[in-house]
Amino acid sequence: MSASNTVNRFTLQIGSQKQYMFIVKVSVFDGGLQLIENNIVSFPITKELEKGLYMIRVEISGAVKDTYVTVDKNIRIEIGTNSNHLDDSVILIEPPEVYSSALFYDGYRNIYKSSHEYYTMPAERFSNEVTTTSPFVRSAQSSLFIFFRYSSREKAREYDALSNPCFFNFTILNAKGETLYTFHNGENLQYDMLEGWAAFNTFLEKGMYFMEFNGTNKRMIPIYVYENFHTQLFMSLALEPQYGSIRVFINPTRSYTPHDEYNKVIDVLMDKLQNNDYLLNDKLVTIIADGKFDSPMLGLLGAYLYLKSDRTHKDELFSLIVSNLKNKILLGNDTAPDLIALEILSNIHTGKELLLNQKKITGTPMFRIGYEAIRKASVADPALIPSNSLNDLITENLYYDSPLTTFKPFPISEDQFTRATDYTAISTDDVILFDQTVPGSNAVKPGTGSFDPLRKSIRPINIKTLLGEEVFNQFVQLPDTDSESVNWLHLAMAEMARKDEGLTVKDLSEKLQISGNTVNRVLKTFSIDVQNKREDRQF
Amino acid sequence: MDYAIVIGINDYMPPSLGGLRTLGGAIRDAEAIEQWLLSESGGRLPKQNCRKIISTPNPLFPLKDQIDDEIESIIREIMINGIEARRFYFYFAGHGLGVEQNVTDTALCLVKWSEIRRSYAISVEKYRNMLLATGYFKQVIFWADCCRNIVYNVEPESSTVSLPTNGPHAGRTRFLTGYATQYQDESYEIENDVAEKRGVFTQVLIKGLNGGGANPKGEVDADYLRNYLLKETPVLAEKNGYKQVPEIMHSFNIHEPCIFNIVPINIKVAFGFSPNRLHQVEIIDGKGETRMTLDPTAENPVQILLTKGLYKAVDTGSGESHYFTISSENEENHVSF
């Protein structure tokens, strides 16, 4: 390197204050406005640069802020809001303002501009107070807190929250599909229509619940209440609920505190989940590992993200986190669908075999990443999703615009949960079609759900043979596609079967990446409908 | 000789029938791209080489066949007349979907897309690969201003166009694919300066093509345009309260570059001084060198020429400084200090 080159090269060191270290990304553009460093996520970092002007872009969850600097000497930049401990030579870059439906506060200059005081105060207050007028289980050690808010009081007025607040259209159902609480006309809520917020809080026994939206574009949201923990859910509203904005926390204490640093990290993790961004830097992994006992959601989301990624360097740590979540941190909640989904994802990630009937899933994971893991695993192990179980019926009703498993509502019944645990019930319904189609070692013995070696010899039967020619011909005919009642899954199966009449249930299951029992259910429902119509005609 | 198919779809099967909401700006976006393609300061395509397909609500138009018909017509014209074609542009504005298990493809939804006709969409990758395979183009450019959220079990379709033999450039065609947003994310329409709904990505794309994406030689090339889109799209989206980061991939290199446009290197700048600015002002360029010194007392504003990039103005008396950027997308830049 020549002397002149050395003179014209300087170091640029970029650091971050603790609370932003895990959530910011930094990119560097040169004086020609060309990108020279993209998405730096580990801090501090030192770069050697030629003398010149540079643009530093700081990004948090898609919000960006650009700052210009002159590099004519060695430069130190710190990303943060507190300049107290910095000497004059350090350039402080404040992060961009961040939007979240959850309410946060950081000590110096709150970057969470959407955390208006007129929302933060009622959220803190009603996280501690029961709002329901209907009876609640006082003895329960767990509770559910839901906070609805518009992006601001001005937006609430713009969206006509005064005469038609979105939050009046929700109801809370239990796992049997029974309405526990309705929010109609503000029942069971504390709310302020002028400011545009509403809070729901009650004690509940552990288990699966549903929040149903009954307004335009109906939607069902599963919520799990963990024993000895408090589930806290935040959602933004506009003309319709903003399902992508949902944030969920599982806290050991009932109070919601906007200062909680772990909740801010959870906010970022949920954003990553929504964007399929599975990259966790080492410091974020450390925070997850350290914080999981105080904040189980941190461990849950961290494990989901890591196990969904292709990385393997922290397999041991995350296996331990998954095990600790089930056996220590969330002890007594081992039937929670998200914990089972994590185990399944962990097995997929590490290449371990899933044993048939080993997992019994009652209900559905709160997080879509968990539901999708179960659905994917059910291709090889159909018993994970029995016919007419909740996870089976969600298949064609799932929405993809939220990190949660939200779906088009259908009547919820206790039977959908029973089916997941009672393998006798599964086999009587499912073997009729499915087990005849399963070649070899995965065969299920009728009435037991266990492996039946005798069935190895059964040849796969195509669905044309199973349905019979007449029913098959009706099945593959395109129904009136303008009708809302037509099941798209039926259409997809019909399209495939029309092109290849030799397809078996297993083939369709593999092509569609859904449980063979779901394929069965669609075929069987159609077959029964045809039978019923035939009988009607006879009368 | 360059060719283009420009598609703008506002109209879809109604949501009550499982379809998609009507868009406000897709047709306008397509028209703006068409205008750039045909303009002398832009793509310089002959009018007959730019095939615009815009939607109508009743009857719902276009269907997939109409798109394939236009592709066939272009290829037939090239084959029959022995035309040496250079570039094929494919632009789409409308609803789009991400494709499960394929992070690089996008399903471009056509008018009859609905919950139960999930595959009524064309695949960017399948169409691009078909165009590459024909061998009749040296370069194939795809721009898709649409969302890429996932909807389960969407299998976008291939083109029905498939040639028996390949053209002269088979296996050597370079491509660029530009998506308005990342896999699984949304793209947005916002109101422009004249209160018309327009796609964020297309607005930035046109500015980039008009010079914002120019390299120091004044050439709008694939790399500089990509960087411009990555830099400016999130900023425009955020101004309107949205998050949107585009995704651009290409196979061009320095030996086989893709030059979309050539713009003047020197850009006119009207540099204005505040009344209390009395000392000389130094203009520092992106390399940190003093490019020129201006006298606020002599002429205000003063007309100067600068190349695209980042600059700093420094008041030599007070030491006060001000960073500013010069972009070649505008004929004249204005700076106040």
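Calculation rules
- Residues numbered from 1 in each chain as written.
- Chains lettered and ligands numbered in written order.
- Predicted model: local features only at pLDDT ≥ 70, side-chain atom pairs only at ≥ 80, totals over all residues.
- Heavy atoms only, no water.
- Pairing = 2+ DSSP bridges.
- Helix = DSSP H or I, 4+ residues; strand = E, 2+ residues; numbered from the N terminus.
- Axes fitted to C-alpha atoms, helices over the stretch in contact; angles between N-to-C directions.
- Left-handed = near helix turned anticlockwise from the far one by under 90°.
- Contact = heavy atoms within 4.5 Å.
- Nonpolar A, V, L, I, M, F, W, Y, C, P; charged D, E, K, R; others polar.
- Buried < 20%, exposed > 50% of the residue type's maximum accessible area, 1.4 Å probe, protein only.
- Buried area = accessible area lost by both parts, 1.4 Å probe.
- Salt bridge = Lys/Arg side-chain N within 4 Å of Asp/Glu carboxyl O.
- Polar contact = N/O pair within 3.5 Å; in protein donor to acceptor, adjacent residues only side chain to side chain.
- 1 Å grid on protein atoms, 1.4 Å probe; cavity = no way out; pocket = protein on both sides within 12 Å on 5 of 7 lines; lining within 4 Å.
- Points joined across faces, edges and corners; volume = space filled by probe spheres on them.
- Parallel < 35°, antiparallel > 145°, perpendicular 65-115°, else oblique.
- Phe/Tyr/Trp six-rings, centres within 6.5 Å; stacked < 30°, edge-to-face > 60°.

It is worth spelling out the sheet that holds strand β4 (residues 45-50) of chain A at this point. Residues and elements named next belong to chain A. Strands sit in the order β4-β1-β7-β8 across an open sheet of four strands; the sheet is mixed. Unpaired on one side and paired on the other, β4 and β8 (90-93) mark the two borders of the sheet. Taking the axes of each pair of neighbouring strands and ignoring which way they run, one obtains an average angle of 25 degrees across the sheet. Pairing of strand β1 (residues 9-16) with β4, which is carried by six bridges, proceeds in the antiparallel orientation. The residue bridging R9 from the neighbouring strand is E50, located in β4.

Looking now at the packing of helix α15 (residues 488-499) of chain A against helix α16 (residues 505-512) of chain A. Residues and elements named next belong to chain A. As a packed pair, α15 and α16 sit with axes 11 Å apart at the nearest point and diverge in direction by 115 degrees. Like other packed secondary-structure pairs, α15 and α16 cross with a definite hand, here right-handed. Within the contact between the two elements, α15 uses L489, A492, M493 and M496 and α16 uses L508, K511 and L512. Tallied by class, residues from the contact of α15 with α16 come to six nonpolar, no polar and one charged.

All names here are of chain A. Of all seven residues in strand β15 (residues 219-225), seven are buried; the element is thus mostly enclosed. Burial along β15 is two-sided: R219, I221, I223 and V225 and M220, P222 and Y224, pointing in opposite directions, are all buried. Bridge count for strand β14 (residues 207-213) against β15 is seven bridges, and the pairing is antiparallel. When the bridges of β15 are listed, F213 appears paired with R219. Hairpin connection of β14 to β15: five residues between the antiparallel strands, including N217 at a positive phi of 60 degrees.

The subject of this paragraph is the interface of chain B and chain A. Listed as interface residues are 38 residues of chain B and, on the opposing side, 43 residues of chain A. Each partner contributes to the roughly 3600 Å² buried at the junction of chain B and chain A, and carbon and sulfur atoms together form 54% of this total. The interface formed by chain B and chain A holds two salt bridges in total. Across the pair E289(B) and K51(A) runs a salt bridge, and its minimum N-O distance is 3.5 Å. Where chain B packs against chain A, one counts nine residue pairs in polar contact (both at pLDDT 80 or more). Looking at the side of chain B that touches chain A, the elements with two or more residues in it are α5 (222-239), β18 (309-315) and β19 (321-326) of chain B. With eight residues, α5(B) is the largest single contributor of residues to the side of chain B that touches chain A.

The next point concerns the layout of surface pockets. Of the volumes computed, that of the second largest pocket is approximately 890 Å³. Surrounding the second largest pocket, 33 residues form its lining, K207(B), Y228(B), E232(B), E329(B) and N330(B) being those nearest its centre. When residues of the lining of the second largest pocket are traced back to their parent elements, those giving at least two are β6 (63-71) of chain A together with β9 (189-191), α4 (200-212), α5 and β19 of chain B. Here the lining of the second largest pocket gets eight residues from one element, more than from any other, and that element is α5(B). For the lining of the second largest pocket, the per-class residue count stands at 12 nonpolar, 11 polar and 10 charged.

A few words now on the side chain of S387(A). Residue and element names in this part refer to chain A. Checked against the element boundaries, S387 lands in the loop between α9 (368-380) and α10 (390-394). For S387, a relative accessible area of 4% translates into the label buried. Within polar-contact distance, the side chain of S387 engages the backbone oxygen of N517 at 2.7 Å.

Below, the discussion takes up the packing of helix α8 (residues 337-350) of chain A against α9(A). All names here are of chain A. Two elements in contact, α8 and α9, have axes separated by 9 Å at closest approach and are oriented at 55 degrees. By the angle between their axes, α8 is oblique relative to α9. Of the two elements, α8 crosses α9, and the hand of that crossing is left-handed. Residues A341, I344, L345 and I348 of α8 pack against G370, A373, I374 and A377 of α9. Class assignment for the residues of the contact of α8 with α9 results in seven nonpolar, one polar and no charged.

Bringing the packing of aromatic side chains into the picture now. One pass over the structure, following the stated rule, counts 39 aromatic pairs over all chains. When the ring of F234(A) is compared with that of Y256(A), the centres are 4.6 Å apart and the planes differ by 55 degrees; the resulting orientation is tilted. Of the two residues, F234(A) is situated in strand β16 (residues 230-237) and Y256(A) in the loop between β17 (241-251) and α4 (261-274); the sequence distance between them amounts to 22 residues. For F234(A), a relative accessible area of 0% corresponds to the buried category. A relative accessible area of 2% places Y256(A) in the buried class. When the centroid spacing of 5.6 Å and the interplanar angle of 75 degrees are considered together, the rings of F271(B) and F324(B) count as edge-to-face. Here the residue F271(B) occupies a position in strand β14 (residues 267-272), and F324(B) occupies one in strand β19, the gap between them amounting to 53 residues.

As a further point, take unusual backbone geometry. A cis amide bond links F43(A) with the next residue in sequence, P44(A), at an omega value of -5 degrees. Positionally, P44(A) belongs in the loop between β3 (35-40) and β4. Going from N300(B) to P301(B), the amide bond is cis rather than trans, its omega being 0 degrees. Within the secondary structure, P301(B) is located in the loop between β16 (290-294) and β17 (302-306). Of note, the phi angle at N217(A) is positive, near 60 degrees, even though the residue is not glycine. Even without being glycine, N228(A) reaches a positive phi, approximately 70 degrees. Mapped onto the fold, N228(A) is located in the loop between β15 and β16. Of the residues examined, N228(A) reaches a relative accessible area of 40% and is grouped as partly exposed.

Let us look at the sheet that holds β15(A). Residues and elements named next belong to chain A. Strand order in the open sheet made by the four strands is β11-β10-β14-β15, with antiparallel pairing throughout. In this open sheet, the two strands that pair with only one neighbour each are β11 (179-182) and β15. With strand direction ignored, the average angle separating the axes of adjacent strands in the sheet is 25 degrees. Alignment of strand β10 (residues 170-173) against β11, held across three bridges, turns out to be antiparallel.

Attention now moves to the pattern of salt bridges. Applying the stated rule across the entire model yields 42 salt bridges over all chains. Of the charged contacts in the structure, one is a salt bridge between D401(A) and R219(A), with a shortest N-O distance of 2.8 Å. Of the two residues, D401(A) sits in the loop between α10 and α11 (414-421) while R219(A) sits in strand β15, which places them 182 residues apart along the sequence. The partner of R247(A) in a salt bridge is D267(A), and the shortest N-O contact between them spans 2.7 Å. Of this pair, R247(A) sits in strand β17 while D267(A) sits in helix α4, and the two are 20 residues apart along the sequence. Each of the two residues, R247(A) as well as D267(A), counts as buried. One continuous salt-bridge network, built from bridges that share partners, spans R247(A), D267(A), D271(A) and K243(B).

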